[in-house]
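# Coordinate analysis (summary)
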Protein chains: 2
Amino acid sequence: ADPAAVAEARAHQDRLTKPQGALGVLEDVAVRLAGAAGVSPPPLPAPAALAIFAADHGVHARGVTPWPQEVTLQMVGNFLAGGAVANAFAAQVGASVTVVDVGVAADLDPAPGLIVSKVAHGTADLSRGPAMTREQAVAALEAGIAVARDLVAQGARCLVSGDMGIANTTASAALICAFTGRDAAVVTGRGTGVDDETLTRKVEVVREALRVNGLERGPDEAPPVPALETLAAVGGLEHAAIAGFVLGGAALRVPVILDGVIAGAAALAAVALAPDAVDHCVAGHRSAEPGHAIALEHLGLRPLIELGMRLGEGTGGLLAHPLVCAAARVMHEVATFDSAGVTDKTA
Amino acid sequence: ADPAAVAEARAHQDRLTKPQGALGVLEDVAVRLAGAAGVSPPPLPAPAALAIFAADHGVHARGVTPWPQEVTLQMVGNFLAGGAVANAFAAQVGASVTVVDVGVAADLDPAPGLIVSKVAHGTADLSRGPAMTREQAVAALEAGIAVARDLVAQGARCLVSGDMGIANTTASAALICAFTGRDAAVVTGRGTGVDDETLTRKVEVVREALRVNGLERGPDEAPPVPALETLAAVGGLEHAAIAGFVLGGAALRVPVILDGVIAGAAALAAVALAPDAVDHCVAGHRSAEPGHAIALEHLGLRPLIELGMRLGEGTGGLLAHPLVCAAARVMHEVATFDSAGVTDKTA
């Protein structure tokens, strides 16, 4: 972050016609946006563009979810038809919706709003060995970077990460364990709603993934494997693409609003690859998935919305967009005590 | 709330292409909107209209705030000039802004966007006796009802409560104590930022107000004084007007998004007068003021945003508006599993 822009933003906040600190977390958001952009006031982060990265997972075969794998493909169809919650929320906040196939198991027909950057027809089973080759992970990262670049070139001034991939909370849990050293039992959650028996199996699958791929560690131990190899070992193609999307946004100094646990896991990978990228990330919300809070804590990000959502698709990130805009807008539009002729409080 | 509309809304939520419950609190918001409106899906709560009720307080003379009383008048000028945070947030969410003088100490010149419904030039000191006469409280309630009616007649489909009144967190604390029976020490907070000495004085002033006006009670005791007289005794003119605004919105079946502690205190009065009014209230946010959480708990309302804000003006209510719209929009626009051809999870 640019220290001069941070200092200028903080000082400007304190001149505005409101008690100091009265906007709480939104004041920090505005200051972070200024630091990331290198200018105060920071650019208004609008319009927003949502990219939903879709991919399938070999670990689905282990019975970690009650949802059939073909739901990934079906939901891609739903996004393209405008019928998903992400579409409704995008309409609410004025965001565009782009769906990116980085690894759906089936082949997709071309359609408006769909980018096909398929790296593979799903990953391999992360509990038996690496989910991706190094080359696949790099290709998915590059696909995400390219989407960020293209959306910004088309006018987006804020990027929102979205995901679709049945079984992807399992890969997310494995990534979060690998990048934070926390235990699978505290990181792994019920995703879109699994029963106790499935949850127990899911935790065991995450443990196997970490063991098989040489990723076991404690929270105070250094990661045994470099970040890119870790991402390849237990990530999904959409995780790698979202990590690239974050890096692409950061390189262009455009804020990236992270959605839920999938984005949190992907951001851990992005930040392990390029630590400064975190300055450009905004945590849209905190989902009901326990690993998400752990990922955000590790990233040092404070979520803006906490409504117990656990849908993915970018829905939590979209809802945060008006809040991020409001934080920036204050810096442009609100009068100072001097300019408005308002008396400041007595010291 | 209409039980048929509630049941229909709940059933519709469960048919939509998302895991059941995956939208967390927003599913409850949508169901409440349906119940309040008596129809599912509920009407989209847009556009929104913010009404900022401004008034002064006799208790200011007790030194409960470091802000001079004339800041109420100056901030009204700032709202009318478009320079306050509430203006920036209203622009962000597409809400109109109306300022209502129900009791500013000074006389205001006519201006676009200003409604003068002045009941008195500020209240009397609530720590020495009743802040308002019964007639003044009724007049302010009626002013709030009229504003709700007029804004809805002009097309508003969601009302957002705002307030401006230096020292009004003191009156809010007294109202919350009176309506909940909780102790002044846990209810009273630092408002826009008072030091320890002033906070101690503020708590003592609230205690005096309750004693002088015969409002002392425990949490398990019935209120010793009827709701209207309680409101008159320790409320502000803006509290009475906001209570009327809530009643007016409820009567017209238009949702009212409550802002912070001032709105919370006013809603306690409104709901004491007409219990069903709570069905039409949405808690926009939870402010940093401790009494606000107590008021919301008493009302049974779950705040949508918790960002440590403590500004008032309607700022927290405005930020919640896109979330309330998103909750309703899902009910109109999202496909069902059947219509989208998406496979539901295995039971």
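Here, the structure is the one placed above.
Now for a quick tour of the structure. These figures come from a predicted structure and were not determined experimentally. (Residues numbered from 1 in each chain as written. Chains lettered and ligands numbered in written order. Predicted model: local features only at pLDDT ≥ 70, side-chain atom pairs only at ≥ 80, totals over all residues. Heavy atoms only, no water.)

## Comments concerning helix 2 (residues 25–37) of chain A
Rules: Only runs of H or I of at least four residues qualify as helices and only runs of E of at least two qualify as strands under DSSP, and these elements are numbered from the N terminus. Expected span, for any helix, means 1.5 Å times one less than how many residues it has. We call a residue buried when its accessible area falls under 20% of the maximum for its residue type, exposed when it is over 50%, and partly exposed in between, using a 1.4 Å probe and counting protein chains only. Contacts are assigned to residue pairs that have any heavy atoms within 4.5 Å of one another.
Along its 13 residues, helix 2 of chain A runs 18 Å from first to last C-alpha, staying within 8% of the 18 Å computed at 1.5 Å per residue. Burial within helix 2 of chain A is extensive, with 10 of its 13 residues counted as buried. Residues of helix 2 of chain A that are buried: A:Val25, A:Leu26, A:Glu27, A:Val29, A:Ala30, A:Val31, A:Leu33, A:Ala34, A:Gly35 and A:Ala36. In this fold, the buried residues of helix 2 of chain A make contact with helix 1 (3–15) and helix 13 (315–333) of chain A together with helix 4 (85–93) and helix 13 (315–333) of chain B.

## Considering helix 5 (residues 134–153) of chain A
Residue and element names in this part refer to chain A. Our working rule: Note that the arc is computed from the directions linking the helix axis to the C-beta atoms.
Given a rise of 1.5 Å per residue, 20 residues ought to cover 28 Å, and the 29 Å separating the end C-alpha atoms of helix 5 matches this to within 8%. The complete set of buried residues in helix 5 reads Ala137, Ala140, Leu141, Ala143, Gly144, Val147, Ala148, Leu151 and Val152. In an axial view of helix 5, the angular spread of the buried residues amounts to 165°, which keeps them on one side of the axis. Helix 5 presents Glu135, Glu142 and Ala153 as exposed residues on the side facing more than 90 degrees away from its buried surface.

## Regarding the packing of aromatic side chains
Residues and elements named next belong to chain A. Convention followed: The criterion for an aromatic pair is that two Phe, Tyr or Trp rings (for Trp, the six-membered ring) have centres within 6.5 Å, with stacked assigned to planes under 30 degrees apart, edge-to-face to planes over 60 apart and tilted to the rest.
A complete count under the given rule lists 4 aromatic pairs over all chains for this structure. Taking the centre distance of 5.2 Å and the plane angle of 70° together, the rings of Phe53 and Phe245 count as edge-to-face. Linking Phe53 in strand 1 (residues 48–55) with Phe245 in helix 10 (residues 237–251), this pair joins segments that are 192 residues apart in sequence. Exposure class is identical for Phe53 and Phe245. Each is buried.

## Some thoughts on the relation of the copies chain A and chain B
Counted only if it meets this: The copies are overlaid by a least-squares fit using only the C-alpha atoms of residues whose pLDDT is at least 70 in both copies.
You can overlay chain A on chain B at an RMSD of 0.0 Å; the transform is a turn of 180° with a shift of 0.0 Å along its axis. Such a turn and shift between the copies fits a two-fold axis. No C-alpha of chain A lies nearer the rotation axis than that of A:Ile305, which sits 3.2 Å from it.

## Concerning the interface of chain A and chain B
Cut-off, in case you're wondering: Once two parts are put together, the accessible area they lose, assessed with a 1.4 Å probe and summed over both, is termed the buried area. Salt-bridge detection follows one rule: a side-chain nitrogen of Lys or Arg within 4 Å of a carboxyl oxygen of Asp or Glu.
Listed per partner, the contact involves 56 residues of chain A and 56 residues of chain B. Carbon and sulfur atoms make up 65% of the area that chain A and chain B hide from each other, which totals about 4600 Å². Of all residues in chain A, the largest losses of buried area upon contact with chain B belong to A:Trp67, A:Gln92 and A:Leu307, amounting jointly to 14% of the total for that side. Applying the counting criterion to the chain A and chain B interface returns 0 salt bridges.

## Notes on the sheet that holds strand 1 of chain A
All names here are of chain A. Selection criterion: Strand pairing is assigned whenever DSSP detects at least two bridges linking the two strands. Axis lines are fitted to C-alpha atoms, over the contacting stretch for helices. Their N-to-C directions set the angle, which ranges from 0 to 180 degrees.
Taken together, the 6 strands give an open sheet; going across it, the order is 3-2-1-4-5-6, and neighbouring strands pair in parallel fashion. Among the strands making up the open sheet, the edge pair consists of strand 3 (114–116) and strand 6 (281–283). The average undirected angle you get between the axes of adjacent strands in this sheet is 25°. Direction of pairing for strand 1 relative to strand 4 (residues 158–164): parallel, over a ladder of 7 bridges. What sits directly across from Ala48, in strand 4, is Cys158. Helix 5 rests against strand 1, strand 2 (96–103), strand 3 and strand 4 of the sheet, and its axis sits at about 155° to strand 1.

## Focus on the environment of B:Ala137
Residue and element names in this part refer to chain B. Assignment of secondary structure puts Ala137 in helix 5 (residues 134–153). Residues Ala137 and Gly236, 99 residues apart in the sequence, show an inter-C-alpha distance of 8.6 Å. Ignoring sequence-local partners within four residues, the contact set of Ala137 consists of Met132, Leu228, Ala232 and Ala240.

## Here we look at the pattern of salt bridges
The final tally for this structure, using the stated rule, is 28 salt bridges over all chains. Two residues, A:Glu27 and A:Lys18, come together in a salt bridge whose shortest N-O distance is 2.9 Å. Take A:Glu27 and A:Lys18: they sit in the same class, and that class is buried. Across the pair B:Arg329 and B:Glu333 runs a salt bridge whose closest N-O atoms are separated by 2.9 Å. With B:Arg329 and B:Glu333 both in helix 13 and 4 residues apart, this pair spans about one turn of that helix. The class for B:Arg329 is buried, based on a relative accessible area of 17%. Accessibility expressed as a relative area gives 33% for B:Glu333, which makes it partly exposed. Each of the salt bridges in this network shares a partner with another, and the network as a whole consists of A:Arg286, A:Arg302 and A:Glu306.

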